[in-house]
Every structure is written in structure tokens, then in C-alpha cells.
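Single-letter residue listing:
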Amino acid sequence: MIATLIFGGVFLYSFSQIFGDISPGGILYPRESESREVRSLDGVWNFRLSPMDEPTQGLTQQWYQQELRKTGDIVPMPVPASYNDIGPNVTFRTFWGLAWYDRTFFAPSSWKDQRVWVRFGSVCYAAQVWVNGKEVASHEIGHLPFSGEISRALNYGGNNVITVAVNNTPDQTTVPQGRINSVKTSDGIKHVLYFNFDFFQYSGIDRPVYLYTTPRVYIDDISVMTDIENDTGVVNFNVSILGLSEDSEEPSIAVNLYDRDGQVVAESTGAEGALRVPDANLWWPYIMHPKPAYLYTLEVIILGVIVNGNESDVYRHPVGIRTVSWTNTSLLINNHPFYLRGFGRHEDSDIRGKGVDYSLITKDYNLIKWFGANGYRTSHYPYAEEILDFSDRQGIMGLSLVDDHISSGFSDELLNNHKTSLSELIRRDKNRPSVIMWSIANEADTDEDDAVPYFKEVVTHVKSLDRTRAVTQAINKSYKTDKVAQFLDVICINEYYGWGSTVGIQEVVKHQVMVDVTSWHQLHNKPVVVSEYGTDTMAGYHSLPSSGGSEEYQMEVMSQQFEAFDEAHSEGYLAGEMIWNFADFMTDQRTKRVNGNRKGMLTRTRQPKASAHLLRWRYHSLARKLDNATIARPADSDTHFYVSSWFARSPQGAGEL
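Residues numbered from 1 in each chain as written. Predicted model: local features only at pLDDT ≥ 70, side-chain atom pairs only at ≥ 80, totals over all residues. Heavy atoms only, no water.

Under the annotation held in an unreviewed UniProt entry, the protein carries the name Beta-glucuronidase and is attributed to Timema tahoe. Recorded in UniProt under Function (unreviewed entry), the annotation for the protein is "Plays an important role in the degradation of dermatan and keratan sulfates." Under the UniProt heading Sequence similarities (unreviewed entry), the entry covering the protein gives this text: "Belongs to the glycosyl hydrolase 2 family." (UniProt positions renumbered as here; feature names shortened; annotations may be inferred.)

Shown next as C-alpha cells:
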């Protein structure tokens, strides 16, 4: 059932109108074991775009029934990667509609007696998947994984063709929201895609694609909730098993917990229970403990159903033992208060767009630790699982966001899509120790009357799925007019004093920040986090006296912000600060954006601006003061040069340094 929207004489299709419902069930990351094989489908695929004057041609002509090369001209396309910057011309970059991928793969005969699955880490923003012409999966909402069983579609002992149609066309009910505007040209009407946000709408198969096998009776999902009782760590678990026939007996389940050295520290049986670990090694954030980010391994084994001489299924899952809680003034981990300091970020880099890149991920985490940060927002969408694995292993805390630019038009259809996206996000990340909050939106119109029942229901939905983490959203409306903060556990505010309407008037920054933070807390009696602040800065542009866009001006505004943060934190109700942004990132073309957003501490190629050294000095100082960290003051010559030069010009303007 496909509904159509006629716009300018062209049939347009939004996410949900083409691709239907999400796939149900668990979404465990593919991991090899005694019972499971995993094979990557990453590499170079075949690719083509649908004709703009006939956007549904691939569907009507059933391109998925044959190899894509037989339907017309194709180009090579790397996976994972966004397709927008791969092409040599503007066509790929500004394309909206259906883009098509395919490739071949071999399915060994040994897979016949097993279930075979295909899993996509993300397709932006919607996808339909066929194997050998048979539909096997569909999914709406980018940045989240989906899978489908392909066992009955395979040609065992031979080659197979997998075809993917990718749709990046939004409307006001999709997550994220967007619209299509028409512009008249000499050749007719050109349709221009607009999303409701300030970052580029990269599209395509941007995360890894895997084939994996499971036994007929298999572990579908594992849920973990940890607790601490004195020195004992508690791992509560729930295991979901699928594939049993109606007359089958329930299989026995063994659950073991291993420490970092591979030694069993706790054992249990059954689909639900608790593992108790005396003298447990807790999961601590970076800098808060000499041995941060300790991970155990939870092993789940189905017993009593033998396949090829092995237990029917074995799955191993990393687990960090920790608790997260909050008061009306503070955030706590393992019952210890902590001050959140970090960044807003983006999955963004040259050429590959949002495509997963281990070199870039590793570089970014090395830089996060270089700064002395302990967390970041996954702005403004769920980040790749491969990125969050680094957070779990490195001790970097995260506020996990859905595709959260839900700005206005709070319809029932939008609400259902929003709740679905949050369900999928929580299903994916519920067991991660690094995820400490769920963020449900960014800069929505929270001053509208319709926002009240809408976000009340969204918060209720999230808490029905997970009550162990705080719920927040980033608000940019005034505390005088906002109607939604009443439902949140933690209030995140985006403020840009010293930029926007107050650019060049940095003297107002400290006063206005203090008024905002104090008023939000007094009004709602909840902890406040400044989730965005900053200024655009062109690397290498210097001005004395400072002017907006210069490196000097960025440092001056930051220093005023720091003074306000220190005062608010000393009063006891500011729980964190996150500068916007970690690095410069791409946006669409507009007069206010010349080659992207330039608010980064780093350039898009991850080179530091002067402000990076100032922020590094501050975060290291906060670590020593608040966490009793033994971390030394930054000693490298560049940081000393920039910060000492700054002190010489503005000795009172650096806050807690």
C-alpha cells in the first residue's frame, strides 16, 4: 500500500509512505561464537539514482529483480559511506528521492541448517531490502539498526544478489522532520529538500552491513540492569529466546559472567535472574577513577538443544556495573556526584559524510581524552554502535539522542513515529554503561500549547521502557515561556549569549547565563546542564580588538561563559557544560553558512583552534578540582603558548583555570 503526494507534477514519497513498519524483535550486535558466523558485506557496491522526472521508476520496473547494472548506468559506491560527496558533481550532493544499491555475495551450503540474517547498522533515512528479488526487510528512521531473516531467499552454495532502495525524502511527520520546496528555473521546477536542522542531510548506507547466522532456536535479545549493594555488584538479566515450536519444551539457559581476565566471577541459570559479584570492579568515567571503564563479559548459553554437536546458541555481551541517579541539583554515578563536561558533536567528515570510519573514531576519542572531557551529546541523532563501543571501553559518558529535531506541528502521526524511534534507540542502547541520559528532542517549539500533551506522552513512553536513566531535552526557548521542562528529570539549555543577536557584546554573557541557569533551576527545582554555547570562528582569523568570527572573540566569549558556569556550579545547581561544537561540520548551503558550521574547537580535519587549548586547560583544571584527578596541567608547548598569551591579555577572564 503506497500513498502518493503530488507536488509540482511529480510524485513524491515520504519515508513511511513507501517503506512501512519497522522490524520487531531484538537487535543484538552481530558477534561470532561457537554457534554464530558473521560476515561483512562492507566494500564497494553498485549504485544509481532514480530519474528525477520519474522517481519511482525502480519500483515500477522492479529493478530489484535483476542486477542493477542491467537497469542502466551504475557507479561504484563505498559502504559504509554517505553517497552525497562521492560523486564528481552536484547531482549526488543535492539528490532527494530513491537511490539504489546492489552487490553479490556467496552463501555456503553449510548455512542451510541455520537461520541467516542481514543486518544494517543504519540507512539514512529509510530502506527497503531484497535478496534475489524477494523482499526481506524494510525500515524507517535513519541512524538506527534493523535486520531481516533471509534464509528462504538464499541460493545456497552459489551467488546471491542483495538490493537496497534508500529514500531520504522527509515530511513534517517523519523523524527527523523536513520539507520540499519548489524553485522555478529555466528548465522548469526544481525541487529543493530542506530539513529542519543545521547540519547536512547526508544519505545512504552509512554504517556496516553484516550477514550472520544463528541456530533455529536462538537468543533474540538480552536486557541488563546493574546495581551496587555495598561492595557487591549486581547484574540483573533477562534473556529472550525465539524459534521454539509450540510443542517444544523450554530449553535450559546458562548465564556466566567473566572478568577482564576471562575468569568466571558469577553464574546463574534461567531466562531471568541476578548475578552477584563480590568486590566488583565498577564502571567509572574517564578521569574519575585510576581504572575507568571496567567491562565484564556476560555469556548466555542455550542448553538442551544440540545443533552440530554444539549448544544451540551462545552469545557474549559486554557489561559495565554502575548506577546512574540524580537529585534536584546534581548528577551521580555509583552514588558519587560528577560534573559533566564535554561537547556537542556530529558524525561528520570530508568525503565519507556520516560513514563509519575507524580511523576517525579513534582520532576523535584520543582528542576527547586530550581535552580532559568526560562526556558528550550524540547530537542530533543516535550515533553508530561502533562509536558507542569506544565510549563503553574508554569511559566517556553520553546523552543519547534520537533523531531529535522535532520542532513543530505536533501531530499524532509525528508522535507515533517519535515514540517508535525512541523505542528502537532504547532497545539498542539500553545495556550500555556509557549512556547516562535519554534526550528526546532538540530545540523544539516547547512554548506552544500543543507541545504539552505531546512531550508529556513522549516522556511517559520513555520512562515505561527505562526508569534507570534521566530523561532530558535541549531547550532553546525562554524559561518564561517554556511549557515542557516540567516533565523532565534534567533540564538542558542551549544558549548563545555573545553570538546571534548579542554578537560583539560579550559583556552581557556572564550576566545573562547566570540569569538563565538560576531561573531554570528556581522555577523547576531540577539540575541544569548547559548543553550548547559557543560562537562561529574561522580558523586563522585574528582580530585585535576582537570581532565576531575571530579566534580571539571565541576565547573571550568562552571565558565569560566559564565565569558564569563556575559561579552557578558553586551555588550547587549547574550539573554540566557542553560546548558547541567539538569540530566544524558541514551544513547545507545558506547565506549564514560558508562551508559549514564553524563553531568547533577543532577544524573539520581535527586541527585545533586557539580555543581548543583554552578548553583543554579548563577541563584539566576541573578534573583536578572536582574529581581529585592526578591529571597534570597540559604541558605541551602549544597549549602553554595559547593559554599564557590569553592570561597576559585577560587575567580575570578564564573562569576555573
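More follows now that the structure is in view.
Caption draft 1: Highlighting helix 8 (residues 509-524). In a regular helix each residue adds 1.5 Å, so 16 residues correspond to 22 Å; helix 8 covers 23 Å between its end C-alpha atoms and thus fits that length. Taken together, the buried positions of helix 8 are Val-509, Val-513, Met-514, Asp-516, Val-517, Thr-518, Ser-519, Trp-520, His-521 and His-524. Of the surrounding secondary structure, the elements contacted by the buried residues of helix 8 are strand 29 (470-475), strand 30 (491-494), strand 31 (528-532), helix 9 (551-571) and strand 32 (574-579). Note on helix 8: the residue one or two positions beyond its end, Asn-525, has a positive phi of about 55 degrees. (Helix = DSSP H or I, 4+ residues; strand = E, 2+ residues; numbered from the N terminus. Expected span 1.5 Å × (residues − 1). Buried < 20%, exposed > 50% of the residue type's maximum accessible area, 1.4 Å probe, protein only. Contact = heavy atoms within 4.5 Å.)

Caption draft 2: Representation of the confidence of the model for the protein in the model. Predicted confidence across the protein gives a mean pLDDT of 89, with 88% of residues reaching 70 or more. A low-confidence stretch, residues 1-23 (pLDDT under 50), is modelled with 66 contacts involving residues beyond four sequence positions or located in other chains. (pLDDT = per-residue confidence, 0-100.)

Caption draft 3: Seen up close, the pairing of strand 18 (residues 264-269). Judged from the five bridges that link them, strand 17 (residues 252-258) and strand 18 form a sheet pairing that is antiparallel. Across the sheet, the residue bridging to Asn-256 is Glu-267, located in strand 18. In this antiparallel pair of consecutive strands, strand 17 and strand 18, the connection spans five residues, and Gly-262 shows a positive phi of 85 degrees. (Pairing = 2+ DSSP bridges.)

Caption draft 4: Spatial organisation of the packing of aromatic side chains. Using the criterion set out here, one finds 29 aromatic pairs in the structure. On the basis of an interplanar angle of 75 degrees and a centroid distance of 6.2 Å, the ring pair of Tyr-365 and Tyr-376 is categorised as edge-to-face. Placement of Tyr-365 in helix 4 (residues 358-371) and of Tyr-376 in strand 26 (residues 375-377) is noted, with a sequence separation of eleven residues between them. One exposure class covers both Tyr-365 and Tyr-376, and it is buried. Where Trp-580 meets Phe-585, the ring centres are 5.8 Å apart and the plane angle is 80 degrees; that geometry is what we call edge-to-face. Summarising the burial analysis for this pair, Trp-580 and Phe-585 share the class buried. Counting every residue linked through ring pairs, the aromatic cluster contains Trp-45, Phe-47, Tyr-83, Phe-92, Phe-95 and Tyr-101. The lysine or arginine in question, Arg-345, covers the ring of Phe-582, its NZ or CZ lying 5.1 Å from the ring centre. (Phe/Tyr/Trp six-rings, centres within 6.5 Å; stacked < 30°, edge-to-face > 60°. Lys NZ or Arg CZ within 6 Å of the ring centre and 35° of its normal.)

Caption draft 5: Representation of the environment of Pro-290 within the structure. Residue position: Pro-290 is located in the loop between strand 19 (272-277) and strand 20 (296-307). Expressed as a C-alpha distance, the spacing of Pro-290 and Thr-630, which sit 340 residues apart in the sequence, is 9.1 Å.

Caption draft 6: Quick peek at empty space enclosed by the protein. Scanning all chains against the criterion turns up six cavities of 30 Å³ or more. Considered as a void within the structure, the largest cavity measures approximately 210 Å³ in volume. Around the largest cavity, the lining comprises 19 residues; the ones closest to its centre are Arg-31, His-317, Arg-428, Asn-431 and Arg-432. For the lining of the largest cavity, the secondary-structure elements that each account for two or more residues are strand 15 (218-229), strand 21 (310-319), helix 5 (385-394) and helix 6 (412-429). No other element matches strand 21, which puts four residues into the lining of the largest cavity. For the lining of the largest cavity, a count of residues per class yields eight nonpolar, two polar and nine charged. If you add up the space inside the second largest cavity, you get close to 130 Å³. Along the wall of the second largest cavity there are 16 residues; nearest its centre are Glu-347, Asp-348, Leu-360, Ile-361 and Ile-387. (1 Å grid on protein atoms, 1.4 Å probe; cavity = no way out; pocket = protein on both sides within 12 Å on 5 of 7 lines; lining within 4 Å. Points joined across faces, edges and corners; volume = space filled by probe spheres on them. Nonpolar A, V, L, I, M, F, W, Y, C, P; charged D, E, K, R; others polar.)

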